[in-house]
Amino acid sequence: MRLATWNVNSIRARLPRILDFAVREHIDVLAMQEIKCKTEQFPYEAFEDAGFTVAAHGLNQWNGVAIASRQPLDDVEIGFPGMPGFAKGHEGPDAPQEARAIGATVGGVKVWSLYVPNGRSLGDPHYYYKLDWLSALQEYTSETLARTPDLAFALTGDFNIAPTDADNGDPTVIEGVTTHVSPPEREAFAALESAGLADVVRPLVPTGYTYWDYKQLRFPRNEGLRIDFVLGSHAFAEAVTGAEIHRNERKGEVPSDHVPVVVDLDLTGPDDDDDRPMIFG
């Protein structure tokens, strides 16, 4: 299985290049974030013509997530259990949920496409919403893997966190000044790893970013952030045979400010003589 995650920053604005990438790179499962359309506005027919089945969730012109697959999508879920909501000036457990999470089982793998809240600025209500959202995700992940420890399970998407200094090449993103690198955000990311997940890309792709701001020549200067991830359970990580960050997708006409992250999986079962790199020590 070839699994990719990509914050496409508007599915309708970038449809031709998204489909071109998916076909050219032989992607089997494509998790997308920031589709920026309502569910009924998603261009299903174009994906179906390319051989994909799609599950999408969008509420308005913001946010939105989707999964496209060449295999059937089973057990589709909109939002994970306990996921908090948010609306400006509206706090509490009944705050409306945003379109930030969709999950499905594909070929025996439980895949989530996630668009973690940005946080906006330190001290903003959206920042605390982000931390609450991540805490709920960690609790859901921990409970899921405790119940089904052998499950091939992956959280993919735009996490809006640069978990280490090596993941931050943007001089305007500064600890104590901006979001994405604050200790609470990084601790929330680490908590997902402690819940039983591993970053399956960085051991195989030791350098590189996944996002460059459109402003101030960030991409030509390579002043980016690595904020798009595939985090996998032990069973998922053991199946990983390769990974790529497709930096060149940031070039050309009408690019997203993010690029795809691709993981290759061998789901036929482990081989005792296998010399694939281990994600878990």
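Residues numbered from 1 in each chain as written. Predicted model: local features only at pLDDT ≥ 70, side-chain atom pairs only at ≥ 80, totals over all residues. Heavy atoms only, no water.

Engineer: Kindly report on the overall build of the chain, identifying the contributing residues and their values.
Structural biologist: When its secondary structure is counted, the chain shows five helices and twelve strands. The C-alpha extent of the chain, read off along each of the three principal axes, is 50 × 40 × 40 Å. Residues classed as buried in the chain amount to 55% of the 281 residues present. Of the contacts formed within the chain by residues at least 6 apart in sequence, a portion of 72% connects residues at least 24 apart. (Helix = DSSP H or I, 4+ residues; strand = E, 2+ residues; numbered from the N terminus. Buried < 20%, exposed > 50% of the residue type's maximum accessible area, 1.4 Å probe, protein only. Contact = heavy atoms within 4.5 Å.)

Engineer: Pulling in residues and values, what's your account of the sheet that holds strand 12 (residues 261-265)?
Structural biologist: Strand pairing in a sheet relies on backbone hydrogen bonds. The paired strands run either parallel or antiparallel. Read across the sheet, six strands follow the order 3-4-2-1-12-11 without closing on themselves; strand pairing throughout is mixed. Since the sheet does not close on itself, it has two edges, and those belong to strand 3 (53-57) and strand 11 (240-245), each with one partner. On average, adjacent strands in this sheet sit at an angle of 10° to one another, irrespective of strand direction. Taken together, the five bridges between strand 11 and strand 12 define a ladder with antiparallel strand orientation. (Pairing = 2+ DSSP bridges. Axes fitted to C-alpha atoms, helices over the stretch in contact; angles between N-to-C directions.)

Engineer: Please give an account of helix 3 (residues 125-147) that cites residues and values.
Structural biologist: With 23 residues, helix 3 extends 33 Å from end C-alpha to end C-alpha; this agrees with the ideal 33 Å at 1.5 Å per step. If you check the start of helix 3, you find a side-chain oxygen 2.7 Å away from the backbone N of histidine 126, and it comes from aspartate 124. (Expected span 1.5 Å × (residues − 1). Polar contact = N/O pair within 3.5 Å; in protein donor to acceptor, adjacent residues only side chain to side chain.)

Engineer: Account for unusual backbone geometry, naming residues and giving values.
Structural biologist: With a phi close to 55°, asparagine 63 is a non-glycine residue in the positive phi region. Mapping asparagine 63 onto the fold places it in the loop between strand 3 and strand 4 (65-69). The backbone of asparagine 222 sits at a positive phi, close to 55°, despite the residue not being glycine. Structurally, the position occupied by asparagine 222 is in the loop between strand 9 (198-199) and strand 10 (228-232). Take asparagine 222: its relative accessible area is 34%, and that puts it in the partly exposed class.

Engineer: Can you lay out the pairing of strand 4 for me, pointing to particular residues and giving the numbers?
Structural biologist: Where a strand is regular, its side chains alternate between the two sheet faces. With five of five residues buried, strand 4 lies mostly within the body of the structure. The side-chain alternation of strand 4 yields two buried faces, one formed by Val65, Ile67 and Ser69 and the other by Ala66 and Ala68. Judged from the five bridges that link them, strand 2 (residues 29-33) and strand 4 form a sheet pairing that is antiparallel. Paired with alanine 31 across the bridge in strand 4 is isoleucine 67. Of the pairings in the sheet, the one linking strand 3 to strand 4 comprises five bridges and is antiparallel in character. If you follow valine 54 over to strand 4, its bridge partner there is alanine 68.

Engineer: Report on the nonpolar core, specifying residues and quantitative values.
Structural biologist: With 32 residues, the main nonpolar core has Val200, Val201, Val230, Phe236, Val263 and Leu265 as its most contacted residues. Sorting the residues of this core by element identifies strand 4, strand 6 (101-106), strand 7 (109-115), strand 8 (152-158), helix 5 (234-238), strand 11 and strand 12 as the ones contributing at least two each. For valine 201, the residues in contact, after removing those within four places along its chain, are Val230, Ala243, Ile245, Val261 and Val263. Grouped together as the second largest cluster of nonpolar side chains are 24 residues, Met83, Leu137, Tyr140 and Leu231 included. (Core = buried A, V, L, I, M, F, W, Y, C linked by side-chain atoms within 4.5 Å.)

Engineer: Hey, could you go over the pattern of salt bridges for me, with residue numbers and the actual values?
Structural biologist: When their charged atoms lie close together, side chains carrying opposite charge are able to pair. Following the criterion strictly, the structure yields 17 salt bridges and no others. Here glutamate 77 makes a salt bridge to lysine 110, at a shortest N to O gap of 2.7 Å. Of the two residues, glutamate 77 sits in strand 5 (residues 74-78) while lysine 110 sits in strand 7, which places them 33 residues apart along the sequence. Of the residues examined, glutamate 77 reaches a relative accessible area of 27% and is grouped as partly exposed. A salt bridge links arginine 186 to aspartate 165; its shortest N-O distance comes to 3.0 Å. Placement of the pair is arginine 186 in helix 4 (residues 183-194) and aspartate 165 in the loop between strand 8 and helix 4, with a sequence separation of 21 residues. Salt bridges here are not isolated pairs; linked through shared partners, they connect Arg2, Arg17, Asp20, Arg24, Glu25, Glu244, Glu249 and Asp264. (Salt bridge = Lys/Arg side-chain N within 4 Å of Asp/Glu carboxyl O.)

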